[in-house]
Amino acid sequence: MRTRAGSATADLLEREDESEQLAARIESALAGEGSVVALEGEAGIGKSALLAYASQRAAEAGMRVLSARGGELERDFGYGVVRQLFDAALVSMSPEEYENVTGGAAGLATTALSVRDALADRAKDPGSVLHGLYWLTANLAAERPVLIAVDDAHWADSASASFLAYIARRVEGLALLIVYATRVGEGASDALPAIAEPELVATVVRPAVLSEAATVALIDRLLGSDSSTEFAHACRVATGGNPFLLQELLRALQADGVVPDEQGCERVMHIAPNTISRATLARLRRLGEPATRLAFAIAVLGKSAELRHAAALAELEPEAAGEAADALTAAAIVRDTRPLEFIHPIVRTTVYGEIPVAQRAVSHKRAARLLGGDSVGAAELAPHLMAAEPAGDAEVVRCLRVAAGEVRDRGAVDAACNYLTRALAEPPLAEDRPSILYELGTAEFTGGWPDASRHLREALEGRLPPHVQRAAAVEFLLTVVATGEIEQGLELLDASRASCIASGDTGAALEIEGILAGTAQLNPATTGRVRARLQAFEGGLSGGTLGERLVLAAMAYDAAHRLVPASHAADLAELAVADGTLLVAPPHAPNYPLAVWTLFYAERLERAEELYTGAVRRARTRGSLVGFAIASSCRCQVRFCQGRIAEAEAEARTCLEAAGHAYGLGRHMLIASILDAMVERSELADCHEFLGEQGVGEDLRGVAMASRLLYSRGHLRLAAGDPAGALRDFAQIRERDELAGRDLTAVATRGSAALAHWQLGDHEIARELADDQLERSRIWGAPGSLSFALRAAGTIAGGDEGIELLREAAAVVEGASARYECARSLTAYGAALRRAGHRRDAREPLREALELADRCGALRTATLARAELLATGARPRRAARSGADSLTPSERRVARLAADGLSNREIAQGLFVTLRTVEGHLTQSYMKLDIGSREELGGALSPRSAA
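A brief structural summary. (Residues numbered from 1 in each chain as written. Predicted model: local features only at pLDDT ≥ 70, side-chain atom pairs only at ≥ 80, totals over all residues. Heavy atoms only, no water.)

Looking at the secondary structure, you find Gly 448 in the loop between α20 (433-447) and α21 (452-460). Classification of Gly 448 as exposed rests on a relative accessible area of 61%. Distance in space between the C-alpha atoms of Gly 448 and Phe 342 is 38 Å, their sequence separation being 106 residues. (Helix = DSSP H or I, 4+ residues; strand = E, 2+ residues; numbered from the N terminus. Buried < 20%, exposed > 50% of the residue type's maximum accessible area, 1.4 Å probe, protein only.)

Encoded structure:
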């Protein structure tokens, strides 16, 4: 037990066990084992004292201590707690040390901090900032162990609370200890629901109330004489053994000259817990009016008030203010520190609650004006303006808008939305309201708030500058892609386009046309309305302007769903992406990924991978989780078709874990990629279990971009012998395509449905569907698509006709980049030959199929090819169970990046995972590859593949 000599406070009385728990966690952090400790309890129970002990103990052990405290007023200040944690540490660093800890992905964190670099081209979405803050913390911990100590965490702003939860999930493997103190019971809040999850908190410390013995010790220490047993018992009962309340009671008794004996018990009973706050206020009033006014001013200004600001707000001369501050300190109401701060949040709450509500609101507004005149930034003024009464003040509106822009640039979208909502309540001038609604809607769009579409729509109903009108229309459309409001979004965007035409701005009108046409194709209900308009541009665009490239991208994606040669659609896509402009502008438009997806459909797989890889690298550089999710979710589909199944699955899983929440529109496509890979390498029961874990329902009619998942699940059901279930999935795709007026997606669905009907014994229907698919696939002409159509037709036809079709299926895809389809068609062809009695002829295609399937990681196909080879009398090699083939998809991906020369830190930053994850994968890879160093990875792995 440790107490300060001569102190009249509870400090660490009876806190030996709690101190030992904290000390043990500090030792673990010093050893590189990160963890989270929660100090929980009612107000005044001693959490702050324990937090101070942990900070002192950690500092003495050589840890870097980063401290912060939440505040009732500061809850509206975006990343306020985060700034307290990191600003001072960064400011004190040398240029070399600063560059080291903010290098790489950690640079994204500086958007949230006071010390900022030039980050004009970096993403500012909340997920990116959290990613940067994680790496800033990891870099600091790599230099020396770190303690993050947050007091009154229940009052943390929402952005900082998100950071604490984010880092808590990734603390393993870091030399980092997070200790946060949070209130339970009266005055608690739900600011930290995520970090409070049991699986994240290694230790929960709940300080107990003081015993009778500790109560006696504290009475003797404060009142300076031996207390009677009855008096101590009365004090403990009155305060419930709460250390802070006990001290406040004793101060009140001391001020009244009460002796701690049996006679004093009666006075104790008059000061019950619910009147202790009154005793504090009585003590304050005895100090006189200047001290009371200064205390009120400190309560309004917040937990860290400069004396000059408090004096001005209290309307006191400097000398009088200084005397009042000394009196407050002597009375144990304010700490003996600068800036001025109450000794405990309970005291601040008590004093603040004594200020009449109307006076409180006026004082906050005066405080904002006072601080603004002292060059305090708008974001620091905003919490005061939030507490002021709305009064139609244009200056308040202006300041809140500026503050919203500042915190949004930090990635604190919640705070920006709160400021703008308050600005609307002021209210603003009528002519300013649409612009504020747009700012609010676009902030909500960035943060994924559900009201974004409503506010953007309201903004569009008013007068906006032309360029803002266009931006608002685009963002509104994108917010409602997955809802029934998309029709209205298209109408608004169309109206904006007409306005541009009327004003003579044909370039802007064409840009809007392209965005409208691209976005409309994300929803089956609106796809058909843009087809005729797009076809009017056929042959008339060269890609010379941004508008033309946007339209060309939409035309390409539309062509990829019509019965035209694949080369035509691909050529349009190449024109759209030729100079890279679509990769960087305009923000949020889907045209670039749609153009590259067209190249994927046309089976220009190497080109599609190259372009998606460029998008992935740009997203990594900018730290954009959304950009990373879009490009990565598309690229893993490309890699699967290339026969890089393990890589595709690893990428899809990484993306789903790191960014699935940030890119809900593409989540089902990631699930489909994982499912396709699992069908080839796992037990089918595991595939169904995976779908259940992801919450995939049977009916996906109302889910945007779900066709890919329906297709994958349908083929899973075919493999599992459930053709009726497969037909239900394919029927949903057909309904979506018919609604959209599309042809080509339905081509694959027809062939898949044909196989399902064949399994059910409906041979006539199966033959009709297969023939239809084959005819359409010959028009499209992509080798992988045609190979699948021939394979389906050959399987259903059987006999010599079937063998010929299967021979062609293997031939058309030979040497093509769709290696996975090649392996499957070779297997089907060889199997048909074997069943027809041509065992010798079957061996060569089956050997090729086995080799290719093994290289692709297509274990199910390889197993089938091996079984067919055995049936021909051949003796194929045994399945590889060690070496590179034994690596899991994630291990292979990390090992490949390490072999390419990336450090563990670079790999972790690029994949949006933790260092511990990378280290674990590499350790397993070394064991499976039977190597001892990073330098040996290149030779032990398959040929290089970009990541």
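Let's pick the thread back up.
On to the sheet that holds strand β5 (residues 203-205). Read from one edge of the open sheet, five strands run β2-β3-β4-β1-β5, paired in parallel fashion. With one partner strand each, in any of the chains shown, β2 (64-69) and β5 form the two edges of the open sheet. Taking the axes of each pair of neighbouring strands and ignoring which way they run, one obtains an average angle of 15° across the sheet. Sheet analysis places strand β3 (residues 146-151) next to strand β4 (residues 176-183), joined by five bridges and oriented parallel. The partner of Val 146 across the bridge, within β4, is Leu 176. (Pairing = 2+ DSSP bridges. Axes fitted to C-alpha atoms, helices over the stretch in contact; angles between N-to-C directions.)

The next thing to look at is the packing of helix α7 (residues 212-223) against helix α9 (residues 243-255). Their axes nearest at 10 Å, the elements α7 and α9 cross at an angle of 40°. Here α7 runs over α9; the crossing is right-handed. On the side of α7, the interface is formed by Thr 215, Leu 218, Ile 219, Leu 222 and Leu 223, while α9 contributes Pro 243, Leu 246, Gln 247, Leu 250, Arg 251 and Gln 254. Split into classes, the residues belonging to the contact of α7 with α9 amount to seven nonpolar, three polar and one charged. (Left-handed = near helix turned anticlockwise from the far one by under 90°. Contact = heavy atoms within 4.5 Å. Nonpolar A, V, L, I, M, F, W, Y, C, P; charged D, E, K, R; others polar.)

This next bit is on empty space enclosed by the protein. Taken as a whole, this structure holds three cavities of 30 Å³ or more when the rule is applied. Size it by volume and the largest cavity reaches roughly 160 Å³. The wall of the largest cavity is formed by 15 residues, among which Gly 71, Trp 155, Lys 303, Pro 345 and Arg 348 lie closest to the centre. Along the lines of polarity and charge, the residues of the lining of the largest cavity split into four nonpolar, four polar and seven charged. (1 Å grid on protein atoms, 1.4 Å probe; cavity = no way out; pocket = protein on both sides within 12 Å on 5 of 7 lines; lining within 4 Å. Points joined across faces, edges and corners; volume = space filled by probe spheres on them.)

This next bit is on the pattern of salt bridges. This structure, assessed with the given rule, holds 60 salt bridges. Between Arg 767 and Asp 771 there is a salt bridge, with the nearest N and O atoms lying 3.6 Å from each other. Of the two residues, Arg 767 and Asp 771 are both situated in helix α38 (residues 763-780); the distance of four residues between them amounts to about one turn of the helix. Salt-bridge contacts for Arg 855 lead to Glu 851; the nearest nitrogen and oxygen are separated by 3.1 Å. Note that Arg 855 and Glu 851 are positioned in helix α42 (residues 839-856) at a spacing of four residues, about one turn of the helix. Given the relative accessible area of 58%, Arg 855 is considered exposed. Here the salt bridges do not stand alone but share partners, grouping Glu 609, Arg 635, Arg 639, Arg 644, Glu 647 and Glu 651 into one network. (Salt bridge = Lys/Arg side-chain N within 4 Å of Asp/Glu carboxyl O.)

The subject of this paragraph is helix α3 (residues 80-91). Look at α3: 16 Å from first C-alpha to last across 12 residues, which is about the 16 Å you get at 1.5 Å a residue. With nine of 12 residues buried, α3 lies mostly within the body of the structure. Those residues of α3 not exposed but buried are Gly 80, Val 81, Val 82, Arg 83, Leu 85, Phe 86, Asp 87, Ala 89 and Leu 90. (Expected span 1.5 Å × (residues − 1).)

Remark: helix α30 (residues 605-622) packs on helix α31 (residues 625-641), axes separated minimally by 8 Å, with the N-to-C direction vectors making an angle of 155°. Taken as axis vectors, α30 and α31 run roughly antiparallel relative to one another. In the packing of α30 onto α31, the handedness of the crossing is left-handed. Along the contact surface, α30 presents Leu 605, Ala 608, Glu 609, Tyr 612, Thr 613, Ala 615, Val 616, Ala 619 and Arg 620, while α31 presents Gly 627, Phe 628, Ala 631, Ser 632, Cys 634, Arg 635, Val 638, Arg 639 and Cys 641. Its residues placed into classes, the contact of α30 with α31 shows 11 nonpolar, three polar and four charged. (Parallel < 35°, antiparallel > 145°, perpendicular 65-115°, else oblique.)

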